[in-house]
Amino acid sequence: MVTKVMKMKKRKPKFDHVQERIKKAVFNGKDISKINVDEYFSYQYLYFREMELESLDIYSTFPNLRVIDVSFNELRSLRFLKHMPSIKYVTATRNRIGRLEPYMFQEGIEALSLGRNMITNFEGAETISSLKMLTLSNNQIEHFGGYATFTGLESIDLRGNPVADVQDFRLIAIGLNAHAKGLKLINGTKVTREERENAGPYGGKFALCVKEGFLPDYTSDVDIKDQAATYLMKKQKTNTYLSSVLELISIELLGNTTEGSLLNLLPVFKVRDTSAKLCAPAFAMHTFKVESNEEHVQVIIKQLDMALEMEPLDDMGSNEYELTLLLPIGEYEYKFSCYQGDDYELLRLETPVLCDQYDYFLNITWLATNDEGDFDIIDEDQSLAYRCSLPDVGCWIKGQLSLLDEQDEPYFHVFDISEQIQHAKPGLVGLTIVGEPQEGVTLEANGEYFGGIEGESIIKWTGPNNKIITGPRYPLELADVGAVISVEYTPVRSDGLNGEVVVQKTRPIEAAPPSVNDISIEGELVEGEVLSLNYEYYGGEEGDSIIQWHRYSNKEGQYLPIEGATKQEYKATLEDVHKTLAVVFIPVSASGIQGDEEMIECKTIKPGFPTLQALAITGLKLEQDTVVFVEASYFGGYEGKSEIQWYRVDPEDDSEELIDNTQQLYKCRFDDLDHKLKVVYTPVRSDGEHGESQHFITETVVSAGDPTCKGVTVDGALVEDSVLSIEAQYSGGIEGDSEIQWFRLDDDENRTELKSLEDGYSYEVQTEDVGHKILINYIPVRRDGAKGESFEYTTETIAAAAPIISNVIISGEVAEYEKLRAAGDYHGGVEKERRYQWYRISPSGERSAIEHANRDAYIIDLDDIGYAITVAVQPVRDDDVTGDWVFADATKMVEANPPSVSATIQGEPAENATLSLKISGDDLDMEKTKTTWYYELDGERQTLSTESTYDITLEDIGKQIFCELTPVRAEYDVVGESIVLKVASIESGPPVASNVVIHGEAQETKSLTVTYDYEGGLEGSSKVQWYRVESSGQEIELKGEEDNSLNLTVSEVDCAIRAEITPVRDDDEEGSPVSTTVDKVTGADPVASDLAISGEPKQDQVISASYTYFGGKEGTSSVTWYSLSNDGQKSKVSENDLRYQLKVDDIGKVVEVEIIPTRNDGVQGKPIVAKTNTVVPEAPVISNVVVNGNPVVSDTLTVAGDYYGGVEGKSEFVWSSAEQYGGPYTTMSESSDTLVLTPHLLSQFVKVSYTPVREDGEKGETAETKAVEIKPHASFSTDLTKAIGLVINDIACDPAISLNNKQLIVKTGKKGDKYTLSSNMEVNVTNDTTFTLTVNNNTLSFSCNDRLQCYYNVCLIALYIGFSDQNLVTNMYGKEFATAWKKKKNVDAAFEEATKSVMKIDNPGGNLSFPYTVMMMLLNEAM
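Just so it is clear, the model here is predicted, and its values are computed rather than measured.

Caption draft 1: Representation of the overall build of the chain within the structure. A count of helices and strands for the chain gives 9 helices and 99 strands. Here the C-alpha atoms of the chain give a radius of gyration of 64 Å, more than 25% beyond the 35 Å that 2.2 N^0.38 yields for 1423 residues. Projected onto its principal axes, the C-alpha positions of the chain cover 185 × 165 × 95 Å. Counting the 1423 residues in the chain, one finds 44% classified as buried. Within the structure as shown, the chain displays about 75600 Å² of accessible surface, and the carbon and sulfur contribution to it stands at 45%.

Caption draft 2: Molecular detail of the pattern of salt bridges. Applying the stated criterion to the full structure yields 57 salt bridges. Lys-205 is the salt-bridge partner of Asp-416, the closest N and O atoms lying 2.8 Å from each other. With Asp-416 in strand β26 (residues 410-420) and Lys-205 in helix α3 (residues 204-211), the pair connects residues that are 211 residues apart, well separated along the chain. Exposure class is identical for Asp-416 and Lys-205. Each is buried. Between Lys-467 and Glu-477 there is a salt bridge, with the nearest N and O atoms lying 2.9 Å from each other. Here the residue Lys-467 occupies a position in the loop between β29 (458-462) and β30 (468-470), and Glu-477 occupies one in the loop between β31 (473-475) and β32 (486-490), the gap between them amounting to 10 residues. Here the salt bridges share partners, and the residues they tie into one network are Lys-467, Glu-477 and Asp-480.

Caption draft 3: Focus on a nonpolar patch on the surface. Together, Val-627, Phe-629 and Leu-665 make up a nonpolar patch on the protein surface, roughly 250 Å² of accessible area in all. Take Phe-629: it is sitting in strand β42 (residues 627-635). For Phe-629, a relative accessible area of 31% puts it in the partly exposed group.

Caption draft 4: Region of the structure containing the packing of helix α5 (residues 1274-1286) against helix α6 (residues 1347-1363). Between α5 and α6, the least distance of the axes is 11 Å, while the angle of their chain directions is 45 degrees. Taken together, the axes of α5 and α6 lie oblique to each other. Like other packed secondary-structure pairs, α5 and α6 cross with a definite hand, here right-handed. Facing Phe-1276, Asp-1279, Leu-1280, Ala-1283 and Ile-1284 of α5, the residues of α6 in contact are Leu-1348, Tyr-1351, Tyr-1352, Cys-1355, Leu-1356, Leu-1359, Tyr-1360 and Phe-1363. Grouping the amino acids of the contact of α5 with α6 by side-chain chemistry returns 12 nonpolar, no polar and 1 charged.

Caption draft 5: Fine view of the side chain of Gln-548. Within the secondary structure, Gln-548 is located in strand β36 (residues 546-553). A polar contact is formed between the side chain of Gln-548 and the backbone oxygen of Ala-565, at a distance of 3.3 Å. For Gln-548, the contacting residues outside a window of four places in its chain are Pro-561, Ile-562, Ala-565, Thr-566, Ala-582, Val-583 and Val-584.

Caption draft 6: Structural view of unusual backbone geometry. Residue Pro-1224 follows Gly-1223 across a cis peptide bond; omega there is 10 degrees. Position of Pro-1224 among the secondary structure elements: in the loop between β87 (1212-1218) and β88 (1226-1229). Cis geometry marks the peptide bond from Asp-1294 to Pro-1295, where omega comes out at -5 degrees. The phi angle at Tyr-817 is positive, at roughly 70 degrees, despite the residue not being glycine. Along the chain, Tyr-817 turns up in the loop between β55 (804-811) and β56 (819-827).

Caption draft 7: Summary view of the nonpolar core. Ile-68 and Leu-78 are the most contacted members of the largest nonpolar core, which totals 75 residues. For this core, the secondary-structure elements that each account for two or more residues are β4 (53-57), α1 (169-176), α3, α4 (224-241) and β26. The element that contributes the greatest number of residues to this core is α1, accounting for 6 residues. Excluding residues within four positions of it along the chain, Ile-68 makes contact with Leu-46, Phe-48, Leu-56, Phe-80, Leu-81, Met-84, Ile-87, Tyr-89, Val-90 and Thr-91. Counting residues in each nonpolar core, the second largest holds 71 residues, with Tyr-1250, Ala-1263, Val-1414 and Met-1415 among its members.

Caption draft 8: Main features of the sheet that holds strand β54 (residues 791-794). An order of β51-β50-β53-β54 is seen for the 4 strands of this open sheet, with the pairing classed as antiparallel. Looking along the sheet, the strands with just one partner apiece sit at the ends: β51 (751-754) and β54. The average undirected angle you get between the axes of adjacent strands in this sheet is 30 degrees. Sheet topology places strand β50 (residues 739-745) next to strand β53 (residues 773-779); 7 bridges connect them, and they run antiparallel. Its bridge partner lying in β53, Arg-744 is registered against Ile-774.

Caption draft 9: Region of interest: the environment of Ser-137. Within the secondary structure, Ser-137 sits in the loop between β8 (133-135) and β9 (155-157). According to the relative accessible area criterion, Ser-137 is buried, its value standing at 11%. With 871 residues separating them along the chain, Ser-137 and Leu-1008 place their C-alpha atoms 64 Å apart. In contact with Ser-137, not counting residues within four places along its chain, are Leu-114, Gly-115, Arg-116, Asp-157, Leu-158, Arg-159 and Asn-161.

Caption draft 10: Geometry of a negative patch on the surface. Residues Asp-371, Glu-372, Asp-374 and Asp-376 make up a contiguous surface patch of negative charge. Tracing the backbone shows Asp-376 in strand β23 (residues 375-379).

Caption draft 11: Layout of the sheet that holds β30. Taken in spatial order, the 4 strands line up as β30-β29-β32-β33 in an open sheet, and their pairing is antiparallel. Bordering the open sheet on either side are β30 and β33 (502-505), each of which pairs with just one other strand. For this sheet the average axis-to-axis angle between neighbouring strands, irrespective of direction, equals 20 degrees. Bridge count for β29 against β32 is 5 bridges, and the pairing is antiparallel. In the sheet register, Ile-458 faces β32, and the bridge partner there is Thr-490.

The rules behind each value
Residues numbered from 1 in each chain as written. Predicted model: local features only at pLDDT ≥ 70, side-chain atom pairs only at ≥ 80, totals over all residues. Heavy atoms only, no water. Helix = DSSP H or I, 4+ residues; strand = E, 2+ residues; numbered from the N terminus. Rg over C-alpha atoms; globule rule 2.2 N^0.38 Å. Buried < 20%, exposed > 50% of the residue type's maximum accessible area, 1.4 Å probe, protein only. Areas by Shrake-Rupley, 256 points an atom, 1.4 Å probe, with all protein chains shown as cover. Salt bridge = Lys/Arg side-chain N within 4 Å of Asp/Glu carboxyl O. Patch = residues over 30% accessible without salt bridge, like charges linked within 9 Å, V, L, I, M, F, W, Y side chains within 5 Å. Axes fitted to C-alpha atoms, helices over the stretch in contact; angles between N-to-C directions. Parallel < 35°, antiparallel > 145°, perpendicular 65-115°, else oblique. Left-handed = near helix turned anticlockwise from the far one by under 90°. Contact = heavy atoms within 4.5 Å. Nonpolar A, V, L, I, M, F, W, Y, C, P; charged D, E, K, R; others polar. Polar contact = N/O pair within 3.5 Å; in protein donor to acceptor, adjacent residues only side chain to side chain. Core = buried A, V, L, I, M, F, W, Y, C linked by side-chain atoms within 4.5 Å. Pairing = 2+ DSSP bridges. Lys, Arg positive; Asp, Glu negative; His and termini not counted. Charge placed at Lys NZ, Arg CZ, Asp CG, Glu CD.

As structure tokens, then:
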């Protein structure tokens, strides 16, 4: 597969702002080399699917990109996301991504889809809140190790990963994402409420362990939570094992995990160094000691439920054991395992471990989870106890111990995590009732709630007569006087949980003194309205309180009492209009005690709204020209000019018509007839205020005069069948259902009443009316039913219509010698007669008249056969006027009658006999008459023959045979009714086999078939047996060969074959056996077939050939293997073996096997071949990777290993170095399998990683060597020591260098260039014979004769540079040497002394890093 790499060149954006419109580019499946991707830096959507990309190198920033899809490529990394700060949706399905990286989880990404990649774990994931959807389906993730926190997560998909098959996977996933409140989908399935409830145990400590890679063993009897606790404990013990002071034995968080409860952290440490300066204020230290001869002794501490192994004081078999523990201050009971009995000793630990100048401090910290799932510090009071509070509810609490040094740097942390903190049961303390227990006071319940966040707590008050009030307050009323009021407070948490009910009661409620509150006058201050005095009385039960209404008198200038107005309600009158009212109220209790007088005034009373209290139309009878008038009763001040309007109303649809009259009097008009009258009256007050209009409608309509008809008009022709209509001139109100009568007048003017059409105004003229006049009698009727005088009208004489005949039909059976009859309907005056003519109609439609057939009936004869019949009819009126001829519909074709016949069967009902039919009958066509011989099977006819005779066969035996005769009439081909005749059951004869013949070639691999003729009834299971006849004459029965065919095998070669038939009838009666024989069977030519190669065509695999041999007995067939190269060359690689092991030389070639079948007599058949697919190599693998060479400066190291997997190509080597064996390592070289050890690698640890690469570029898994430490060359230590003693040294290089304790002199020119030695100088190797010296930002280059000399010179110069730094040389070599070097006196002795007492210091780094290394190397070598 050809892969392509897309690179994006860095460019400067063309615009300073991003356009708002959406920009989208889709390159799916395209050649990226033809696309300038830089043009799309401002786009929001980019799609690079199915483009064979191995990398996506981006250097520009894509500030607006929201969506990128790189699915179906060969990507191993998504580093390009670093250049996409606004990315939200990332899809990289079906790539080669092997791990998660932090840049995949930059804040802002909402959806990350990495399905079908090669990801094995969650390491590299970063906590972000924006991620909503994480898809990692069909990867290779086995556990949740490294899982991060995603608080915004809504969907996670891990389908197709091994971890998704773990039991309780969904509950574990919910527990891990406990802080993702919006989690809805796991593996595409909705998270249920039940799952969330069941996932509680999978959060907190369990989830923390799962994130470390832990998964529970469901086959174990240990609870999964205990498994997690054990896992966490083991991990923490490992963290403290290397500590020289304390080693963790156990740590456990105890207590009830509810709000308000106390959590206690119980840690136990083994003290390794009792002399260490440790400060642990909450702990005490105790050493347990005991003498025992037992091999193992334990101290058992009851409170800890532990048995701890004690240690002997020495390794010489001492019987003294001891164990020093650091325990929380408190009391403990203990005993030793070497003592019998259950008695425990009491141990009081009261003295804390304190130290003013401490080296170690055991710090206690309490933490709680936040919304992001991280732990925040909540308490640092150095207490091993923590009381949970309301903010902790829903969190997990961590109790943590940290061993700190004097700079507060931690050596280790150990901790335990609680279960999720739950709300405490709701409760209430200090319930009191606030308020004086007196009528009119409102009592209030007050108390202190605890137990989570208070929800809708229930407060219920109970008063007299089971009066119930809910809520925090209870207003005291009159009914409460003398009663005791109780309150019940049920605390309810926000989640609906109820606590215990708390009850409190008052003393008996007292009555208040008589008083009035909230006194007011209610009601509309308008004439005619009722005003009410409203007030609230207090003071026990009210008696007859005093009320008096007053009206203000303008004349008197004061309020005067209104006589009789002493009730709470008062109706304002006309006298009150434009005056103010007042009420005087004196409250009086039932016992007669009066309270203070209260007076309240109201505003001026307004006049009432103008209103009609009655309205009517009165006057004489409602008839035309009568006068009516309106009567109205007015209210609302003084009436002004009220408005009146008259209407006429249609009583049928209540529609109204305006009448131009606005007076109280009205005279009825003609237009008012049959209408009601309506008047609308709008009252108007004297000040112009209009009231609501009212109307009145009369109950009866205005009457009209008597109904009258002044004339009648008749429309329509006075002819038979026409329709006559009348129109009358009516007067007398609105016409109702006037009465109309139609009459026929005879010559004597006698009347015959006629039936009109439905509307009564029309009449259809009948035949009976012809020659007569029609009289119409019209009686006018008004709508109200009143009738007027009748009016009569007489027409002229009615004329007849033209004669017509219709509906002509032919009745009777259409058959030979049957009678047909014609009929039809006449119309058009009085009929005189009808004329007829019958016709024949040929099949072609030609019509011909039948002679003498002119009556209404006709008898069919032989001449009509084959024709249809029709008839024409002509009407004649009594005045001899004729109408048109009318034809009837033709009959069906006349058919001839079927023939009559009889028949009998002749012949014996026996096998091989012949049956015939004797037929008698007239006018038969024997050629067309049909004969059918048959039998019945399962109710269905099975035809045997259609001949006139039938020969009985073998198959007929036992059957019941029938013969059906279907006669056909001569000339007309008319088929008669079939006749069915029955024959007796047929009998069979004895079974006989004859004409036995063997067919086929008598040769190996061929088949022989035997045939024979059978007679004697129905054949049953006749027997066939084959025999092999040996050359000796012996016959061998061929078992299993009992059918008609025999397949010849090698066993039958050179033998004769005999087939024997035993005929068997279906009733199992057997006949005599009959047989026949063929000559000797010959062998077949050798043939090989079905040649196949099994096995995978892969390097070092064994493939096998298999084939099928035919042709006598096989001898030694030839087997040859060939290798076929791409250029068609063919070379033999193996022979005479059906197996072949593929070699490296076969890779990329096709392997062929050739088989030449050979019979045992040496005859060979045609060769056949089979081929493999192209042989492929194994995956590249490197093993036994080692570093060869002497690890000393100036030598060369070489990496070697055992390569396997095709032909090795350009394998990859990465050399790296580190100051310590455990790293960290820094890459030095990535190309060669060799490494020249330069001086800068001195004292470094070097290792190399070897990535095997096949010649086709396929990479295998990387292997890594062990690290080797680089030592100085054997001569360096001696030569450098001598150089130190000399102080002044000349270095052999070009240009030459002279060194002393202060200067470096480059010998160019006469005097040379002098440089003061300092730590700012830097010396580096350029190649094997060249090095550089950087002085004052100038770089000088020097060449040497060989590598060893070059590297030694570099080390010597570095040593002098190091000695130039006074602090460095003093700290490493001591003050004595630093002084000697500075003064160039006694340097040898000072150096020798320095090697005895020098103390190592850290590498200062920078330019002094390499000099430090040379100095340290020289010390170590000297020591």
